[in-house]
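# Summary of structural features
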Amino acid sequence: MKRLDIGIASYGASEKLARAVASIREMSSGDFRLFVIDNPGPDPATRRMIAELAVADDRIVPVFLERNVGYAGAVNEFLRLALTEPGWSHLAYCDNDVVIRTPGWDPMLCAHLDRHPQIGMIFPNGGAYPIPRADFIEVMWGIGFCWVASRKALTEVGPFDAELGHQEEADYCLRLRMAGYVCAAAPEVQVQHEARSTNDPASRERINAGVVRFVDKWNRYFCGGTQGYHSPNVLRWEDWPPNALYLEDYWRRHPKTQGLNDAPEEIAIDGMAYDLIRVPRFRHYYRGRVI
């Protein structure tokens, strides 16, 4: 395994950041360089601590931003810096409130990318709608507090969408699939995520607004400029074509949906024969609609 570039997006919370950095240093078994991308916050002690960490360990590279560019902006700054040096290994990202629990997490995740060039991004713990492949687990998306991504895939797909405000990793997983890559999960690698800021009621308005922007973006892409989150016939995440094709594979393999549409009911309308098929949906979605 070549040296791994790791990035952390930082904003305050110096104690959590110190724990995250300590767990990276303790649990990483490969050579790495750690970029700490710090958005300016109200507490100057955070930057002093980051500077002290860099003095104690020359693998730590502090990047002090002049203005707060948010989470996605900080991730993009890490990608910009790390991708300028070709020939290094894959890129990894960790939130500032994670604790890595699995020794050797870095070569374990990178090994999947090395063996399977079709994997663009891999997540620890697990992911949504897992499909067992020959020797890895494909997922539709993973939670973005920790991931490792292929340098080639990142270069092809480009930076994170910094206009969303939430759902950035789900957005990126969709873009990876559209570019011909798959996403994967490695449950053998465990990373703990505090997620206090995500669960903070004060963050809900920002999160909800990000979800609306995310749905607006892709509905307008797939369905035209008049369609968005509040449209009466909005297409949800599961219906966007790259996701729908993935979910068809997932449901076809699921033991509870075996033979789901092997013998659909046939009806005739205006002299044309149609099959009535069943579609797995979350409860209450699409009631009264033709799918």
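Here goes a summary of the coordinates provided. This structure is a prediction, so every number in the text was calculated from the model and none was measured.

Okay, helix H4 (residues 105-115) next. Buried residues of H4: Trp105, Asp106, Leu109, Cys110, His112 and Leu113, and no others. The arc that holds the buried residues of H4, viewed along the axis, is 145°, so those residues lie on one side.

Another aspect to go through is the packing of aromatic side chains. Enumeration over the complete set of coordinates arrives at 14 aromatic pairs. For the pair phenylalanine 35 and phenylalanine 78, a centre-to-centre distance of 5.8 Å together with 55° between the ring planes defines the contact as tilted. Of the two residues, phenylalanine 35 is situated in strand E2 (residues 32-38) and phenylalanine 78 in helix H3 (residues 70-82); the sequence distance between them amounts to 43 residues. Look at phenylalanine 35 and you get buried, because its relative accessible area is 5%. Their ring planes at 85° and their centres at 4.9 Å tell us that tyrosine 221 and phenylalanine 222 sit as a pair that is edge-to-face. Three or more aromatic residues link up through ring pairs in this structure, and these residues are Tyr71, Tyr93, Trp147, Phe160 and Tyr172. Between the NZ or CZ atom of arginine 177 and the centre of the ring of tyrosine 246, over which it lies, the distance is 5.8 Å. The cationic tip of arginine 236 hangs over the ring face of tyrosine 286; the distance from NZ or CZ to the ring centre is 5.9 Å.

Below, the discussion takes up the pairing of strand E13 (residues 272-276). Two strands pair when backbone bridges link them, and strand E12 (residues 265-269) and E13 are joined in this way by five bridges, in the antiparallel orientation. Bridge pairing in E13 places alanine 268 opposite alanine 273. Connecting E12 to the antiparallel partner E13 that follows it, the hairpin turn spans two residues, and aspartate 270 within it adopts a positive phi of roughly 50°.

Counting 35 residues, the largest nonpolar core has Ile6, Leu34, Cys94 and Trp105 as its most contacted members. Among the elements that take part in this core, helix H1 (residues 14-27) stands out by supplying five residues, more than any other.

It is worth spelling out a nonpolar patch on the surface at this point. Among the surface-exposed residues, Ile269, Met272 and Tyr274 lie close enough to one another that they form a single nonpolar patch of about 290 Å² accessible area. Turning to its location among the elements, isoleucine 269 is positioned in strand E12.

Moving on, we get to the environment of tyrosine 286. As for its position among the elements, tyrosine 286 is in the segment after E13. The class of tyrosine 286 is buried, set by a relative accessible area of 10%. Distance in space between the C-alpha atoms of tyrosine 286 and aspartate 270 is 25 Å, their sequence separation being 16 residues. The contact partners of tyrosine 286, leaving out residues within four places of it in the chain, are Val234, Leu235, Arg236, Asp239, Arg281 and Ile291. For tyrosine 286, the side chain forms a polar contact with the main-chain nitrogen of arginine 236, separated by 3.2 Å.

Okay, the side chain of aspartate 239 next. Here aspartate 239 is to be found in the loop between helix H8 (204-223) and helix H9 (241-253). Within the structure, aspartate 239 has its side chain in polar contact with the side chain of arginine 281 (distance 2.9 Å).

This part takes up the packing of H1 against helix H2 (residues 45-56). The geometry of H1 relative to H2 is characterised by a closest axis approach of 10 Å and an angle of 20° between their N-to-C directions. In terms of orientation, H1 and H2 fall into the roughly parallel class. Considering the relative orientation of H1 and H2, their crossing is right-handed. Where H1 abuts H2, its residues Ser14, Leu17, Ala18 and Val21 lie against Thr46, Met49, Ile50 and Leu53. Of the residues belonging to the contact of H1 with H2, the class tally is six nonpolar, two polar and no charged.

Turning to the sheet that holds strand E3 (residues 60-64), a few remarks are in order. Read across the open sheet, the nine strands follow the order E3-E2-E1-E4-E9-E6-E10-E8-E7; overall the sheet is mixed. Each end of this open sheet is capped by a strand with a single partner; those strands are E3 and strand E7 (131-132). Pairing between strand E1 (residues 4-10) and strand E4 (residues 91-95): five bridges, direction parallel. Counted as the bridge partner of isoleucine 6 is alanine 92 from E4.

On inspection of all chains with the given rule, the structure shows 17 salt bridges. When the shortest N-O distance is used, the salt bridge between arginine 151 and aspartate 5 registers 3.8 Å. On the criterion of sequence distance, the pair formed by arginine 151 in helix H5 (residues 151-157) and aspartate 5 in strand E1 is long-range, its members being 146 residues apart. Taken individually, arginine 151 and aspartate 5 each receive the classification buried, so the pair is uniform in this respect. Between lysine 152 and glutamate 156 there is a salt bridge whose closest N-O contact spans 2.6 Å. Of the two residues, lysine 152 and glutamate 156 both sit in helix H5, four residues apart, roughly one turn of that helix. What you see here is one network of salt bridges that share partners, running through Arg133, Glu138, Asp249 and Arg253.

Definitions and limits used
- Residues numbered from 1 in each chain as written.
- Predicted model: local features only at pLDDT ≥ 70, side-chain atom pairs only at ≥ 80, totals over all residues.
- Heavy atoms only, no water.
- Buried < 20%, exposed > 50% of the residue type's maximum accessible area, 1.4 Å probe, protein only.
- Helix = DSSP H or I, 4+ residues; strand = E, 2+ residues; numbered from the N terminus.
- Arc of directions from axis to C-beta.
- Phe/Tyr/Trp six-rings, centres within 6.5 Å; stacked < 30°, edge-to-face > 60°.
- Lys NZ or Arg CZ within 6 Å of the ring centre and 35° of its normal.
- Pairing = 2+ DSSP bridges.
- Core = buried A, V, L, I, M, F, W, Y, C linked by side-chain atoms within 4.5 Å.
- Patch = residues over 30% accessible without salt bridge, like charges linked within 9 Å, V, L, I, M, F, W, Y side chains within 5 Å.
- Areas by Shrake-Rupley, 256 points an atom, 1.4 Å probe, with all protein chains shown as cover.
- Salt bridge = Lys/Arg side-chain N within 4 Å of Asp/Glu carboxyl O.
- Contact = heavy atoms within 4.5 Å.
- Polar contact = N/O pair within 3.5 Å; in protein donor to acceptor, adjacent residues only side chain to side chain.
- Axes fitted to C-alpha atoms, helices over the stretch in contact; angles between N-to-C directions.
- Parallel < 35°, antiparallel > 145°, perpendicular 65-115°, else oblique.
- Left-handed = near helix turned anticlockwise from the far one by under 90°.
- Nonpolar A, V, L, I, M, F, W, Y, C, P; charged D, E, K, R; others polar.

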